[in-house]
Amino acid sequence: MTPALARLEIPPQPAFLEPTVGFVLAFAARFARGESEQSELKTAVSAVLEMVIDNNAGGGVPVAVEVGETAGKLRVSVINHGAPILLRGGRTGIHSRHYAKFHEASRHADSVTFENSGRQGQAVVLELRLGAVAAAMSLLAKPAPQAPAIPEDEVITVRGLAPGEEDALSRLFYLVYGYDYVNEFVYYPEKIKDMLEAGDLLSIVAARPNGRLVGHVALVRRNREPAVYEAAMGAVDPAVKSRGLFGQLFGKAMEVVRSTPMQYCLCDCVTNHAFSQRHVAKFGGTELALYAGCQSRETQARLERLGLGKDPESMLRYSLLVSVIPRVPRPFGAGVVLPESIGERFGFLLEPLGLAWSPAPRFQSLPAAGSFKTSTQRAQSAALFDLSEPGQEAVEDIVEEWRELLREGFEYAAVEVPLDAPGLGPLYDILSGGGFFASGFVPYRCGAPAVSEVPPVPAGRTSLRPARLGFRFQALGPTKVAFDDIKVATDHGKRLLAAVRKDYEANGLL
């Protein structure tokens, strides 16, 4: 299937039909289509979506919609991951409704076809001509029109997001990222509003005198007990580049960190530039892990879009540098036990957190069974294995499942395991044999403690219970990670990069 330029996933519920059709129409509007053409597209897409949603009524499997342009045609793929849609011989009952919707779409599109993707389900694909191929391709090749530069002397105010500005925030993310931002909820103002009201999102914005938002940084609550927040959702309108606006936003966010009870603040920085890393280090951040090649470049703001230069052509996937800013002494406790294979190479990462490591018994073994959960991010071609209970069978199953995902086109996988679980040494040996290499330490499940019964914490204080720490392994498919082009701002981070790269060259090369 042709890679989509825009993708959306929705629950199979009628309430999502109208906004999804609007999503497709907004993409198609880039090609200067007339009202009648847009009306035809609306009818065709509505019919296909109604068919797929009706087929999966009451189910929980999301429906994906991909929109792209190829060879002068608009291509809309509605991907059904739920129960198969049966048209052949379906002239009565529910099949009859599907048959009618399919032919309704066919009357309003140049072609409507079914594509069987095996385990990936089915795709109902609509194609509509956009006119001359050269004209369409030249339109795509042109850079997006830039907003007029904002006068240098214009006063920009950094403040909290005001009620009713959720729509304006979604617009800012569209201006900076298009529809490609990694966290899809930013395109749903109502979801932003719900998170704000629940206290799960603390938004700091930069606003012009006319009220237009031109910058944003947020603290997203990742865990309630102990309280953990992540500094995330950074966006600055390219029209105000080179004015130090991100630094002002991040500084304001750190003021909120200092006034909000929390165990620590989690930060991850894309490594195609080191700008944000310097700000994290300035406020006491220390690097713990490097997710090498974990994200598709389609879901990240490239340097040219941000007005900061151009990413190297060799950077096919983007990497994340993960840091924490402690807000209590020793947020992860005073000591951990590590196998020498990990402690000698990566133990230095724990020193800034006041954590000492001691060697695990040399002949420690893995339990026989174990358990894990798999989650996937198809937009990133990535999978995460949460190995909550390490065991020989579970680890072998993870290696085998990763091989299956590779055949399906996945390009990145990670395994996260709590440090307080037994058998980390033999686990490392098995994963290394399966092509996995070290990433570093991670707050396991955002630091949630190992026990479920947590005593209440007085208002205005954070838990004294240490957060849980884990280790992350990672693997890459047949794609290139440009280690030479990964930007790291601190000596501590450079040492981490060198350790991860050495482990990759020893274990992770396909």
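Here is a short report on the structure shown in this document. This is a predicted model, so every value here is computed, not measured.

Things to note about the overall build of the protein chain
Counting secondary structure elements, the protein chain contains 13 helices and 19 strands. The buried share of the protein chain, reckoned over its 510 residues, is 51%. Expressed as a percentage of contacts within the protein chain between residues at least 6 apart in sequence, the contacts between residues at least 24 apart total 71%.

Re the side chain of glutamine 38
Within the secondary structure, glutamine 38 sits in helix H2 (residues 35–55). Ignoring sequence-local partners within four residues, the contact set of glutamine 38 consists of Leu25, Ala28, Ala29 and Arg33.

A closer look at unusual backbone geometry
Cis rather than trans, the peptide bond between glutamate 225 and proline 226 has omega equal to 0°. Tracing the backbone through its elements, the reader meets proline 226 in the loop between strand S8 (213–223) and strand S9 (228–236). In this structure, arginine 330 is a non-glycine residue whose phi angle is positive, near 50°. Looking at where arginine 330 falls in the secondary structure, it is placed in the loop between strand S12 (317–326) and strand S13 (335–338). Positive phi outside glycine occurs at arginine 445, with the angle close to 50°. In this fold, arginine 445 is placed in the loop between strand S18 (437–443) and strand S19 (469–476). The exposure class of arginine 445 is partly exposed, given its relative accessible area of 44%.

Section: the sheet that holds strand S4 (residues 111–116)
Ordered by their spatial adjacency, five strands build an open sheet running S1-S2-S3-S5-S4, and the pairing between neighbours is antiparallel. The open sheet has two edge strands with one neighbour each: strand S1 (6–10) and S4. For this sheet, the mean inter-axis angle between neighbouring strands, taken without regard to orientation, is 20°. Across five bridges, the pairing between S1 and strand S2 (residues 63–70) is antiparallel.

Some remarks on the environment of arginine 362
Considering the arrangement of structural elements, one finds arginine 362 in the loop between strand S14 (356–359) and strand S15 (371–377). It is 8.3 Å that separates the C-alpha atoms of arginine 362 and glutamate 340, two residues lying 22 residues apart in sequence.

Description of helix H12 (residues 424–433)
Each full turn of the α-helix corresponds to 3.6 residues, which orients residues three or four apart in the same direction. Along H12, the positions that sit buried rather than exposed are Leu424, Gly425, Leu427, Tyr428, Leu431 and Ser432. Buried residues of H12, viewed axially, fall in a sector of 160°; they line one side. Exposed and oriented more than 90 degrees from the buried face of H12 are Asp429 and Gly433. Where H12 ends, the next residue or the one after it, glycine 435, has phi of about 95°, a positive value.

Some details on the pairing of S2
The buried count for S2 comes to seven of eight residues, which makes it a mostly enclosed element. Where S2 meets strand S3 (residues 73–80), eight bridges bridge the pair, whose relative direction is antiparallel. Bridge pairing links glutamate 66 to serine 77 in S3.

Some remarks on the nonpolar core
As a rule of thumb, nonpolar side chains are buried together in soluble globular proteins. Phe346, Leu427, Phe436, Phe441, Phe471 and Phe473 are the most contacted members of the largest nonpolar core, which totals 67 residues. What phenylalanine 441 contacts, discounting residues up to four positions off in sequence, is Leu288, Ala289, Leu338, Ile342, Phe346, Leu349, Leu350, Leu419, Leu469, Gly470 and Phe471. Counting 36 residues, the second-largest nonpolar core is a separate cluster that includes Ile10, Phe31, Val45 and Leu128.

As for the packing of aromatic side chains
Summed over the entire model, instances satisfying the criterion amount to 13 aromatic pairs. Ring centres of phenylalanine 250 and phenylalanine 283 lie 5.9 Å apart, and the angle between their planes is 50°; this geometry places the pair in the tilted category. You can see phenylalanine 250 sitting in helix H7 (residues 245–259) and its partner phenylalanine 283 sitting in the loop between helix H8 (275–282) and strand S11 (286–296), a full 33 residues away along the chain. Take phenylalanine 250: its relative accessible area is 4%, and that puts it in the buried class. Of the residues examined, phenylalanine 283 reaches a relative accessible area of 23% and is grouped as partly exposed. Each residue in the set Phe346, Tyr428, Phe441, Phe471 and Phe473 is aromatic and connected to the rest through ring pairs, giving one cluster.

Quick look at helix H5 (residues 166–177)
Under the 1.5 Å per step criterion, the end-to-end length of H5 is 17 Å for 12 residues, consistent within 8% with the ideal 16 Å. Buried residues of H5: Glu166, Leu169, Ser170, Leu172, Phe173, Val176 and Tyr177, and no others. Buried residues of H5 fall within an arc of 155° about the axis and therefore sit on the same side. Backbone geometry just after H5 places glycine 178 at a positive phi near 65°.

Here's the deal with the environment of phenylalanine 348
Relative to the helices and strands, phenylalanine 348 resides in the loop between helix H10 (340–346) and S14. Separated by 148 residues in sequence, phenylalanine 348 and leucine 496 have C-alpha atoms that sit 8.9 Å apart. If we skip the residues at most four places from it in the chain, phenylalanine 348 touches His492, Arg495 and Leu496.

Describing a negative patch on the surface
A contiguous patch of negative charge, built from Asp167, Glu190, Asp194 and Glu197, is present on the exposed surface. Ranked by the residues each element gives to the negative patch, the list is headed by helix H6 (residues 189–198), at three residues. Looking at where glutamate 190 falls in the secondary structure, it is placed in helix H6.

Side note on the pattern of salt bridges
The tally for this structure, following the rule as stated, stands at 25 salt bridges. When the shortest N-O distance is used, the salt bridge between glutamate 340 and arginine 362 registers 3.8 Å. Here the residue glutamate 340 occupies a position in helix H10, and arginine 362 occupies one in the loop between S14 and S15, the gap between them amounting to 22 residues. If you follow the salt bridges from partner to partner, you end up with Lys73, Arg75, Glu115 and Glu127 in one network.

Rules used in this analysis
- Residues numbered from 1 in each chain as written.
- Predicted model: local features only at pLDDT ≥ 70, side-chain atom pairs only at ≥ 80, totals over all residues.
- Heavy atoms only, no water.
- Helix = DSSP H or I, 4+ residues; strand = E, 2+ residues; numbered from the N terminus.
- Buried < 20%, exposed > 50% of the residue type's maximum accessible area, 1.4 Å probe, protein only.
- Contact = heavy atoms within 4.5 Å.
- Pairing = 2+ DSSP bridges.
- Axes fitted to C-alpha atoms, helices over the stretch in contact; angles between N-to-C directions.
- Arc of directions from axis to C-beta.
- Core = buried A, V, L, I, M, F, W, Y, C linked by side-chain atoms within 4.5 Å.
- Phe/Tyr/Trp six-rings, centres within 6.5 Å; stacked < 30°, edge-to-face > 60°.
- Expected span 1.5 Å × (residues − 1).
- Patch = residues over 30% accessible without salt bridge, like charges linked within 9 Å, V, L, I, M, F, W, Y side chains within 5 Å.
- Areas by Shrake-Rupley, 256 points an atom, 1.4 Å probe, with all protein chains shown as cover.
- Salt bridge = Lys/Arg side-chain N within 4 Å of Asp/Glu carboxyl O.
- Lys, Arg positive; Asp, Glu negative; His and termini not counted.
- Charge placed at Lys NZ, Arg CZ, Asp CG, Glu CD.

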